[in-house]
Amino acid sequence: MIYQISYMSDNYQVKGYLALPYGVIASTEQLTDWLNSFYKTSTLEVLPIACPLHPATKPIGEGQYPVFVYCRGGIGRVGSVRMDWLERFAQHGHIVFAPCYRGAEGGEGRDEFGGGDVEDVLSGIRWLNQLPFVDEQRISIMGFSRGSVNAAQAAVRSTEPPLSRLILWGGVSDLARTYEERIDLRRMLKRVIGGSTGKYPERYEARSPVALAEQIHCPVLVIHGRQDLQVDYSHAENMIQRLQELDKEYDVQIYEDYGHHMPEDVHRQAITAMFDWIQQK
């Protein structure tokens, strides 16, 4: 099952998606009660939006499940959470949570591209962590494209619980580099961050995974297409080099012939390889 959920982040009511592992079921009423109880309110809603072809039969309370947090790319309607990706992730036995970020899909607030919106990720993780069927020792986070900015910050800032794995997929590692490379994004970046790299270099650095690498204490997986035209492969190279310098635990999965988005069959293979890495670590 896939649900759209409302939840609280700071003083904003924001949106996210929750996908359950194949075969596992939870009622909308249960999820709504768990949400409102945690956030001490009665206004949060859960909306089922997709169900598997074969009805789920195992109540969620009968197991302990790892969690996979999917930090989407883009901003607003661009790069929004992909339902087909949620479905593919859920096939690997994880509860999947995907924040939409504040200001998107009817959520309150404004996306700051790795500013206050990081709390949207952390708040959802804290809610999931207190659920009795969640394995708090196995909460992984993946950032796709811009989502790497949010995922890396969450990996650093989440201490209760600490996150067990960080995956940067086609990820921005240096936001100032993105500002220089992507002239088409400069206007948006100045708007959401407050100015240019020349005016606020510290804001760009604070959002950059490469600058946060020293504070990352879980294993890291870097996934990147060498032909990526949206987030240049040099972002992966820079992150790998920094992880090496710091003697951090990391692995790399490079797709030589592919770019930012892969054909469906290759994407499925990449997802399987990613979950194999999560399980083996």
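Bear in mind the structure is a predicted one, so any value in this text is a computation, not a measurement.

**Let's talk about the packing of helix 3 (residues 118–129) against helix 4 (residues 147–157)**
Each pair of packed helices can be described by the angle between their axes along with the distance between the axes. Running from N to C, helix 3 and helix 4 point in directions that differ by 50°, and their axes come no closer than 9 Å. The angle between helix 3 and helix 4 falls in the class oblique. Helix 4 is crossed by helix 3, and the crossing has right-handed handedness. Residues Val-118, Glu-119, Val-121 and Leu-122 of helix 3 form the contact with helix 4, whose participating residues are Asn-150, Gln-153, Ala-154 and Arg-157. Residues of the contact of helix 3 with helix 4, tallied by class, amount to four nonpolar, two polar and two charged.

**A short note on the nonpolar core**
In terms of nonpolar packing, the biggest core is built from 52 residues, with Ile-5, Leu-18, Val-69, Ile-95, Ile-141 and Leu-166 touching the most fellow members. Counting residues per element, this core draws most heavily on helix 3, at six residues. Membership of the second largest hydrophobic core comes to 29 residues, among which are Phe-68, Tyr-70, Ile-223 and Ala-270.

**Structural notes on the environment of Ser-27**
As for its position among the elements, Ser-27 is in the loop between strand 3 (24–25) and helix 1 (28–39). When its relative accessible area of 29% is taken as the criterion, Ser-27 is described as partly exposed. Spatially, the C-alpha atoms of Ser-27 and Met-1 are 9.9 Å apart, while their sequence positions differ by 26 residues.

**Remarks on the packing of helix 2 (residues 83–90) against helix 10 (residues 264–280)**
Two numbers describe how helix 2 lies on helix 10: the axes approach to 10 Å, and their chain directions differ by 45°. Looking at the two axes, helix 2 sits oblique to helix 10. Here helix 2 runs over helix 10; the crossing is right-handed. Residues Trp-85, Glu-87, Arg-88 and Phe-89 of helix 2 touch helix 10, and the partners they reach there are Glu-264, His-267, Arg-268, Ile-271, Met-274 and Phe-275. Of the residues belonging to the contact of helix 2 with helix 10, the class tally is five nonpolar, one polar and four charged.

**Some remarks on the side chain of Asn-129**
In this structure, Asn-129 sits in helix 3. By relative accessible area, Asn-129 is classed as buried at 16%.

**A closer look at the packing of aromatic side chains**
According to the stated counting rule, one finds twelve aromatic pairs in the structure shown. With a centroid separation of 4.8 Å and 85° between ring planes, the pair formed by Phe-38 and Tyr-39 is classed as edge-to-face. By relative accessible area, which is 29% here, Phe-38 ends up partly exposed. Ring geometry for Tyr-179 versus Tyr-204: centroids 5.7 Å apart, planes at 75°, classification edge-to-face.

**Digging into helix 10**
For helix 10, spanning 17 residues, the distance from its first C-alpha to its last is 24 Å, which sits close to the expected 24 Å at 1.5 Å a residue. By the burial criterion, the buried members of helix 10 are Val-266, His-267, Ala-270, Ile-271, Met-274, Phe-275, Trp-277 and Ile-278. Those residues of helix 10 hidden inside the fold are in contact with strand 6 (65–71), helix 2, strand 8 (134–144), strand 9 (165–169), strand 10 (220–225) and strand 11 (250–255).

Scoring rules and cut-offs
Residues numbered from 1 in each chain as written. Predicted model: local features only at pLDDT ≥ 70, side-chain atom pairs only at ≥ 80, totals over all residues. Heavy atoms only, no water. Axes fitted to C-alpha atoms, helices over the stretch in contact; angles between N-to-C directions. Helix = DSSP H or I, 4+ residues; strand = E, 2+ residues; numbered from the N terminus. Parallel < 35°, antiparallel > 145°, perpendicular 65-115°, else oblique. Left-handed = near helix turned anticlockwise from the far one by under 90°. Contact = heavy atoms within 4.5 Å. Nonpolar A, V, L, I, M, F, W, Y, C, P; charged D, E, K, R; others polar. Core = buried A, V, L, I, M, F, W, Y, C linked by side-chain atoms within 4.5 Å. Buried < 20%, exposed > 50% of the residue type's maximum accessible area, 1.4 Å probe, protein only. Phe/Tyr/Trp six-rings, centres within 6.5 Å; stacked < 30°, edge-to-face > 60°. Expected span 1.5 Å × (residues − 1).

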